[in-house]
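Coordinates in review
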Amino acid sequence: MASGLIPLALLGACTLTPAEKARVEQRARTEQADLAKALSGLTPQAPTQCISQYRTQQVRSYGPAIVYTVSPRLKYVSRTAGGCDNVGGSGNNIFVTRTTTGQLCSGDIAQTVDRASGFFTGSCSFGEFVPYRRDR
């Protein structure tokens, strides 16, 4: 009988408190607003499976969305299932990707590393890359 209580106790330990849930929801709203600001004035195009890693000037995550800036007129957005947060900008993490082709493709896995300690902090799999372009 007591062994049946252990899974229930563990389940309760994973539940967010109302305050924690509110913080998570506020963070998601802030990330969405920041992403919208980063893509302001750009129009989404048809998705592509791969992008050139060498043309990228900046990489930044907005929650599960990763934005690769090629130029002020071109950015690529890849949505992940999460795990690669806090990259770029004032974030503490950097991306580590391994490729033999110089391209990042949908399904490739990236890892995040803490800038100061060098420890791995997360990983994620890329989704399709959606180009956002500024109309001339």
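So, here's what we can say about the structure. For clarity, every value in this text was computed on a predicted model and none was experimentally measured. (Residues numbered from 1 in each chain as written. Predicted model: local features only at pLDDT ≥ 70, side-chain atom pairs only at ≥ 80, totals over all residues. Heavy atoms only, no water.)

Some points on the pairing of strand E5 (residues 74-79)
Most of E5 is tucked away, with five of its six residues classed as buried. Where strand E4 (residues 65-71) lies against E5, six bridges are found, and the strand directions are antiparallel. Residue pairing for E5: Tyr68 is matched across the bridge by Tyr76. The loop that links E4 with its antiparallel partner E5 comprises two residues. (Buried < 20%, exposed > 50% of the residue type's maximum accessible area, 1.4 Å probe, protein only. Helix = DSSP H or I, 4+ residues; strand = E, 2+ residues; numbered from the N terminus. Pairing = 2+ DSSP bridges.)

Brief notes about the side chain of Thr112
In this structure, Thr112 sits in strand E8 (residues 109-114). Classification of Thr112 by relative accessible area gives buried; the value is 1%. At a separation of 2.7 Å, a polar atom in the side chain of Thr112 contacts the side chain of Thr121. (Polar contact = N/O pair within 3.5 Å; in protein donor to acceptor, adjacent residues only side chain to side chain.)

Notes on helix H2 (residues 18-38)
Compared with an ideal rise of 1.5 Å per residue, which puts 21 residues at 30 Å, H2 spans 30 Å between its outermost C-alpha atoms and is within 8% of the ideal. All of the buried residues in H2 are Glu31, Leu35 and Ala38. Along the axis of H2, the buried positions cluster into a sector of 60 degrees, meaning they face one direction only. Along H2, the residues that are exposed and aim more than 90 degrees away from the buried face are Pro18 and Lys37. Its buried side turned inward, H2 meets strand E1 (42-44), strand E3 (58-62), E4 and E5. (Expected span 1.5 Å × (residues − 1). Arc of directions from axis to C-beta. Contact = heavy atoms within 4.5 Å.)

Comments concerning the environment of Phe95
By secondary structure assignment, the location of Phe95 is in strand E6 (residues 93-97). Remark: the alpha-carbon pair of Phe95 and Ser123, spanning 28 residues in sequence, is separated by 9.0 Å. When neighbours within four sequence positions are excluded, Phe95 is seen to be in contact with Val59, Ile66, Cys84, Val87, Ala110, Gln111, Thr112 and Cys124.

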